[in-house]
Amino acid sequence: MNHKHMNGIGYHDFETRSRGPLSGSIATPDKLQPPSISGDRSEAVHYGLCLTGGVLSSSVRWLLTPLDGVKCLMQVRPTAYPTVSSGLATLYQEGALYRGLLPTVLSYSAQSGTKYMMYEFFKDHAPDTKDKGALYQSAVYAVSAGCAEAIADVLMCPWEMLKVQVQTNPNKFPHKMGPALRTMVARRHELGFPFGSLQPLWSRQVVGTMANFLTFEHAVKAIYKHILQKPKDECATSTQLLVTMTAGYTSGFVSTIVSHPADSIISYKARYPHKTSRELISEIGWRKLATQGLGPRVILTGSIIGCQWLIYDGFKTALGMGTTGGE
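None of these values were measured; they are calculated from a predicted model.

(A) Inspection of the overall build of the protein chain at higher detail. What the protein chain contains, in helices and strands, is 14 helices and zero strands. Secondary structure of the protein chain in N-to-C order comes out as α-α-α-α-α-α-α-α-α-α-α-α-α-α. Sorting the 327 residues of the protein chain into buried and exposed places 51% on the buried side. Counting only contacts in the protein chain whose residues sit at least 6 apart along the sequence, the fraction spanning at least 24 positions is 74%. About 14700 Å² of surface is accessible on the protein chain, with carbon and sulfur atoms providing 63% of the total.

The following block contains the structure:
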């Protein structure tokens, strides 16, 4: 099993960088002391830092809670919230721009941190893809991303269900975290709490994340090869982070379109908890599920994913771990 990180600088890259100048030996992981980190950086510490970077990257979603709330309301109440601007104006008048902020923070901190950490772990521990071809590399990216997201969604699901209820049922559901959580627990059989939305969440998140990470990895390679026309290592750090941002926004656009129907189902299930996903699809139709609220979600999610990649890779770069992707 080859643990070498395929792109960027992974944990095991530090092994080759730690060769003694005289002896030529390779230091063991428990003796590594990369820059910007005090003490030894073990494999556990490395992936712990990936987890931390992922949590930090989710802060973008916290700030954009108003847009997320409008998106959900446009999906389930299109008549009352026909446009983004009118929806934001209504929420502002109600003093509810940041309604659902705390469950949003918990939801996306758990999801983003776990997702990035597990993606790095699965990709690092996949068989070496150097001589396997582009198709095999793509499979590793997609499978690593899908498995990472599936795990992350289990931690995300309870908070996501709570967030959607708070945002889409303002007249029937408590706004504050404590009362809202107690209500979810008391009505757990009716609302399916805490994992009633896990299946549609997997449908949205797993497919979307596979599209996100696969597109990102190939977009990074394409930018270095066809636009910059030089290896990543020859580019300045600022250029590498600009590549990350560009590839991140591109991947966000693609993953948003792919995952939007499932996202709409999650919002509708908050309004009609007694109906199954199949019933909602039959009544609403795929076209409406795929297009209603897509505009604000493309703006929201595309920007979020681009910024998340920038924050994540900026954090890694500051610790000497390098940016993600590229050759």
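(B) Geometry of unusual backbone geometry. In this structure, Pro-194 follows Phe-193 across a cis peptide bond, with omega equal to 10 degrees. With respect to the helices, strands and loops of the structure, Pro-194 is situated in the loop between helix 9 (188-191) and helix 10 (198-228). A positive phi angle, near 55 degrees, is found at Gln-229, a position not held by glycine. Among the secondary structure elements, Gln-229 is positioned in the loop between helix 10 and helix 11 (237-271). For Gln-229, a relative accessible area of 62% puts it in the exposed group.

The rules behind these values
Residues numbered from 1 in each chain as written. Predicted model: local features only at pLDDT ≥ 70, side-chain atom pairs only at ≥ 80, totals over all residues. Heavy atoms only, no water. Helix = DSSP H or I, 4+ residues; strand = E, 2+ residues; numbered from the N terminus. Buried < 20%, exposed > 50% of the residue type's maximum accessible area, 1.4 Å probe, protein only. Contact = heavy atoms within 4.5 Å. Areas by Shrake-Rupley, 256 points an atom, 1.4 Å probe, with all protein chains shown as cover.

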